[in-house]
Amino acid sequence: MISLGSRLTLLIYLEDEQSPVRLNDTLVSWVAKDSFSVRFPKLSAEERKRLQEVIFKNISSSAVDHRRTGFRIV
């Protein structure tokens, strides 16, 4: 079970034909039922760039309210 404040290591396989991104020490910042969000306190410039490229390539508009899917990489 994931709980608020947990620290995780994430291994993210992106669709960019490169090896997976390993994000150590991510912080769980929000939890609700079967969903949660994390913060990446130690995200390198290269990791940030790879994540943003894949997100922007695959982002889709919401059919419900005609806005873009919400996300933020800071």
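All values derive from a computational prediction rather than experimental measurement.

Draft legend 1. Looking closely at the pairing of strand E2 (residues 21-32). Of the strand pairs in this sheet, strand E1 (residues 7-12) and E2 are connected by 5 bridges, and their pairing is antiparallel. For Leu8, the partnering residue across the bridge sits in E2 and is Thr26. Between E2 and strand E3 (residues 35-39), which pair antiparallel and follow one another directly, the connecting turn spans 2 residues, one of which, Lys33, has a positive phi of 45 degrees.

Draft legend 2. View of the side chain of Arg50. Summarising the element assignment, Arg50 is placed in helix H1 (residues 45-58). Residue class for Arg50 comes out buried when judged on its relative accessible area of 10%. With residues up to four places along the chain from it excluded, the contact list for Arg50 reads Leu14, Asp16, Gln18, Ser19, Pro20 and Val21.

Draft legend 3. Local environment of the sheet that holds E2. Read from one edge to the other, the open sheet built from 3 strands follows the order E1-E2-E3, with strand pairing classed as antiparallel. Strand pairing shows two members of the sheet lacking a second neighbour, E1 and E3, which therefore form its edges. When strand polarity is set aside, the average angle formed by the axes of neighbouring strands in this sheet is 55 degrees. Sheet contacts for H1: E1 and E2; angle to E2, the most-contacted strand, approximately 60 degrees.

Draft legend 4. Main features of the nonpolar core. Leu14, Val21, Leu23, Leu43, Leu51 and Val54 together form the largest nonpolar core, which totals 6 residues. Elements that contribute at least two residues to this core include exactly E2 and H1. Once residues lying within four places of it in the same chain are set aside, the contact partners of Val21 are Leu10, Leu11, Ile12, Leu14, Glu47 and Arg50.

Draft legend 5. Layout of a nonpolar patch on the surface. The grouping of Leu4, Val31 and Phe36 at the surface amounts to a nonpolar patch, some 280 Å² of accessible area in total. Along the chain, Leu4 turns up in the segment before E1. Of the residues examined, Leu4 reaches a relative accessible area of 62% and is grouped as exposed.

Cut-off values and rules
Residues numbered from 1 in each chain as written. Predicted model: local features only at pLDDT ≥ 70, side-chain atom pairs only at ≥ 80, totals over all residues. Heavy atoms only, no water. Pairing = 2+ DSSP bridges. Helix = DSSP H or I, 4+ residues; strand = E, 2+ residues; numbered from the N terminus. Buried < 20%, exposed > 50% of the residue type's maximum accessible area, 1.4 Å probe, protein only. Contact = heavy atoms within 4.5 Å. Axes fitted to C-alpha atoms, helices over the stretch in contact; angles between N-to-C directions. Core = buried A, V, L, I, M, F, W, Y, C linked by side-chain atoms within 4.5 Å. Patch = residues over 30% accessible without salt bridge, like charges linked within 9 Å, V, L, I, M, F, W, Y side chains within 5 Å. Areas by Shrake-Rupley, 256 points an atom, 1.4 Å probe, with all protein chains shown as cover. Salt bridge = Lys/Arg side-chain N within 4 Å of Asp/Glu carboxyl O.

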